[in-house]
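Structural overview for review
Single-letter residue listing:
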Amino acid sequence: MLPVFLLVAFLPLLGHVLAQEEGQISGPTSSASAAGYSCDPNQCKLPNCNCASTDPPGGLSPSEVPMFVVFTADDAVQSYTLDAVNQFLAHRKNPNGCPPKMTYYVSLNYTNYTLVTDWYVAGNEIADHTMTHVGTPPEDEVAGNLIAQNQLAGIPLKSIIGFRAPFLNYSVDTLTMLAKLGFTYDSSSSASLPVTENDTDAFWPYTLDYGMANDCLVVEGLCKGEPKLPGFWEIPMYATFDNRGVDGPHLMDPWLDPANGESTINDTATLEYLKSTFTDHYNGKRQPFGLYTHPIHVSLSVPGTTASNSTINMINEFLDWAQEQPNTWIVSSEQLLAWVRNPVPISQLDSFEPLKCSTPAVDPSLKICNGIPQNEEGLLDHCDFSDFPFYTCYGCPQEPPTPSNPSPPQATESGQQARFRLSPNCSTPFWDPIKGDCICNSSTCAFTDQSRPIGPNGANLTGDQVSSSSEDGEPSQSVNPYVPFNGAVPLALPAGAWTAMAVGVVGALVGALSAFSRL
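Numbering of residues begins from 1 in every chain and follows the order in which that chain's sequence is written. Confidence filtering applies because this is a predicted model: local features only for residues at pLDDT of at least 70, side-chain atom pairs given and counted only at 80 or more, and all residues used for totals across whole chains, interfaces and linings. Hydrogens are left out, water is left out, and the side-chain values use all remaining heavy atoms of the structure.

Re the overall build of the chain
Scanning the chain from terminus to terminus reveals eleven helices and 19 strands. Working definition: with a 1.4 Å probe on protein chains only, accessible area under 20% of the residue-type maximum means buried, over 50% means exposed, and in between means partly exposed. A buried classification covers 60% of the 519 residues belonging to the chain. Comment: elements are numbered from the N terminus, with helices defined as DSSP H or I runs of at least four residues and strands as E runs of at least two.

Observations concerning unusual backbone geometry
With an omega of 15 degrees, the peptide bond running from leucine 46 to proline 47 counts as cis. A cis geometry characterises the amide bond from glutamate 226 onward to proline 227, with omega recorded as -10 degrees. Looking at the element boundaries, proline 227 is found in the loop between β7 (206-208) and β8 (229-234). Positive phi outside glycine occurs at histidine 133, with the angle close to 65 degrees. Locating histidine 133 in the fold gives a position in the loop between β3 (125-128) and α5 (139-153). A positive phi is found at lysine 224, a non-glycine position, where the angle reads about 50 degrees.

A few points about the nonpolar core
Working definition of a nonpolar core: buried Ala, Val, Leu, Ile, Met, Phe, Trp, Tyr and Cys residues. They are joined through side-chain atoms within 4.5 Å. Judged by nonpolar contacts, the single largest core of 93 residues is most densely connected at Tyr104, Phe183, Phe278 and Phe318. Ignoring any residue separated from it by four or fewer positions in sequence, one finds tyrosine 104 in contact with Ala73, Asp74, Asp75, Ala76, Val77, Thr81, Leu82, Trp119, Glu125, Ile126, Ala127 and Pro295. If you look at the next biggest cluster of nonpolar residues, it comprises 23 residues, including Val65, Ile161, Trp204 and Val331. It only takes one pair of heavy atoms within 4.5 Å for two residues to be counted as in contact.

A word on helix α3 (residues 79-89)
Where burial is concerned, most of α3 is hidden: ten out of the eleven residues are buried. Where α3 is concerned, the buried positions are Ser79, Tyr80, Thr81, Leu82, Ala84, Val85, Asn86, Gln87, Phe88 and Leu89.

Quick word on the packing of aromatic side chains
Here is the rule: rings of Phe, Tyr and Trp (six-membered ring for Trp) pair when centre to centre is within 6.5 Å. Planes less than 30 degrees apart are stacked, more than 60 are edge-to-face, and the remainder are tilted. According to the stated counting rule, one finds 15 aromatic pairs in the structure shown. On the basis of an interplanar angle of 65 degrees and a centroid distance of 6.4 Å, the ring pair of tyrosine 37 and tyrosine 206 is categorised as edge-to-face. Taken together, the residues span a long stretch of sequence, with tyrosine 37 in the loop between α2 (32-35) and β1 (67-75) and tyrosine 206 in strand β7 at a distance of 169 residues. For tyrosine 206, a relative accessible area of 0% gives the class buried.

Some words on helix α7 (residues 267-283)
The span one expects for a helix is its residue count, reduced by one, times 1.5 Å. When the terminal C-alpha atoms of α7 are compared, their 24 Å separation across 17 residues agrees well with the 24 Å that a helix rising 1.5 Å per residue should span. Among the residues making up α7, those that are buried are Asp267, Ala269, Thr270, Leu271, Tyr273, Leu274, Thr277, Phe278, His281 and Tyr282. Residues adjacent in sequence count toward polar contacts only when both atoms are side-chain atoms; beyond that, a polar contact is any pair of N or O atoms within 3.5 Å, and within protein one must be able to donate a hydrogen and the other to accept it. The opening residue of α7, the one whose side-chain oxygen lies 3.0 Å from the backbone nitrogen of threonine 268, is asparagine 266.

Structural notes on the side chain of glutamate 376
Turning to its location among the elements, glutamate 376 is positioned in helix α10 (residues 373-376). Of the side chains bearing the opposite charge, arginine 419 lies closest to the buried glutamate 376, which forms no salt bridge; the N-O distance is 8.3 Å. Once residues within four sequence positions are removed from consideration, glutamate 376 is found in contact with Thr114, Asp118, Ile368, Cys369, Asn370, Gly371 and Cys393. Under this rule, positive means Lys or Arg and negative means Asp or Glu; His and the chain ends count for nothing. Basic side-chain nitrogens of Lys or Arg form a salt bridge, by our definition, when they fall within 4 Å of a carboxyl oxygen of Asp or Glu.

Side note on the side chain of histidine 250
Tracing the sequence through the fold places histidine 250 in strand β11 (residues 249-250). Taking the relative accessible area as the measure of exposure, histidine 250 reaches 2% and is therefore buried. A distance of 2.9 Å separates a polar atom in the side chain of histidine 250 from a polar atom in the side chain of aspartate 242.

Things to note about the state of the cysteines
Cysteine sulfur atoms are paired as a disulfide whenever they fall within 2.5 Å. By the definition in use, this model includes seven disulfides. Disulfide pairing is shown between cysteine 39 and cysteine 51; the S-S distance is 1.9 Å. Sign of the S-S torsion, about -70 degrees for the bond between cysteine 39 and cysteine 51, identifies this disulfide as left-handed. One end of the pair, cysteine 39, is in the loop between α2 and β1; the other, cysteine 51, is in the loop between α2 and β1, and twelve residues separate them in sequence. Just as cysteine 39 is buried, cysteine 51 falls in that class too. Note on cysteine connectivity: cysteine 44 is disulfide-linked to cysteine 49, with sulfurs 1.9 Å apart. Taking the sign of the S-S torsion, -105 degrees for the link of cysteine 44 and cysteine 49, the bridge is left-handed.

Distances and angles like these do not, on their own, reveal function.
Laid out in structure tokens, this is it:
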């Protein structure tokens, strides 16, 4: 963690960034007439095509569908932002005994790269939120984020499959660029109408084979069949609604908004409409429910915090209540999309791999800078830049990464040893960047599955109700504040960014710097 005086010095800048991005909407962002959407379900079939629809994918009835609570965080990764997420998730379990996973849409200004590594190795999804937090971003902001997170945080390029636009500002060109770069999905659009409305835009995630069906009233050139991007997914952000219904939407950080047209924040009123919206989803067609956060707003460990204990307790009370509803799962965007692409009924979730949990089988006494705190202690490089220092396992660059130079050469002028960047043939927790060695030989390396059978009728066995051991495998346990989750093997490989990476590699003083072709 950075010294307190540095945090205090830079928080005003970070606060300015966050103050601009509340991700709020004031009313409907789409309509059926504006969407002009038409999709042929006989031609558009899973797993690589899905029509925008309120019906669950795969022809399942709502009673067969799990209720997904998608938990995401945006912006810089620091110890205090991870603390903020942990206070909501670290003590929880999903119905199979696995700790919940979440998605962190990472922007790189003020980010401590080693914590990104730790968060990824712990099993969470790391996604792209541009380098310097700019809305409607140019390509170098997006591709540069991919490269810098790969080079300095050791996140495999194939694992960064998702994007969210800062300020939720995006365009048709943004979506086209993301598809070109090989991303699997975007999650910047709003589902702005309650699921109880006949013309709701709360669609299950869908592909853009037939264009967009959300944000048709607010993004120029969207909808009416555009943009056509076959196989590229949109995961809408599902708004919550207070007692004003359509006229009372809340999207990101809803606990920062006054409810019901009042002028002051009322945690009791917020809790009521969170439960009400969840219930509408649960009793309807089970469209996902989203909790979309900027963690700094609910961090109690950041210097000068204004976070309210009452609000934090309210969010936990909501999650406690939600997990009491049968077949409710807290998931990342990546996990949600994995299920949508291969929808299985509740009765088969025991064997559904993306919802399981596994732990990298690394000897805790081994000294290796790999994203596992007990292994990497004392091995991190401190990159002491004047604007904002950070730590990394992968060697400090000569200068901070920028969109025009996301992979600067390593700094070795003072005699320090150059480190080896992640090999494409090794998984992050098994890569030794100091020796340039993969400590396992198997194509999958060694992971221990720690999921267990789901409770009767899909019952949630959470918190203290989860026993510490089981004949069918011990569920993973929460540990220190920075590593509450256990991770599984990453999924698909997005394409693109070869040219930008090659430019970054030229001149890098590294013994073996791996350049990836994004397939």
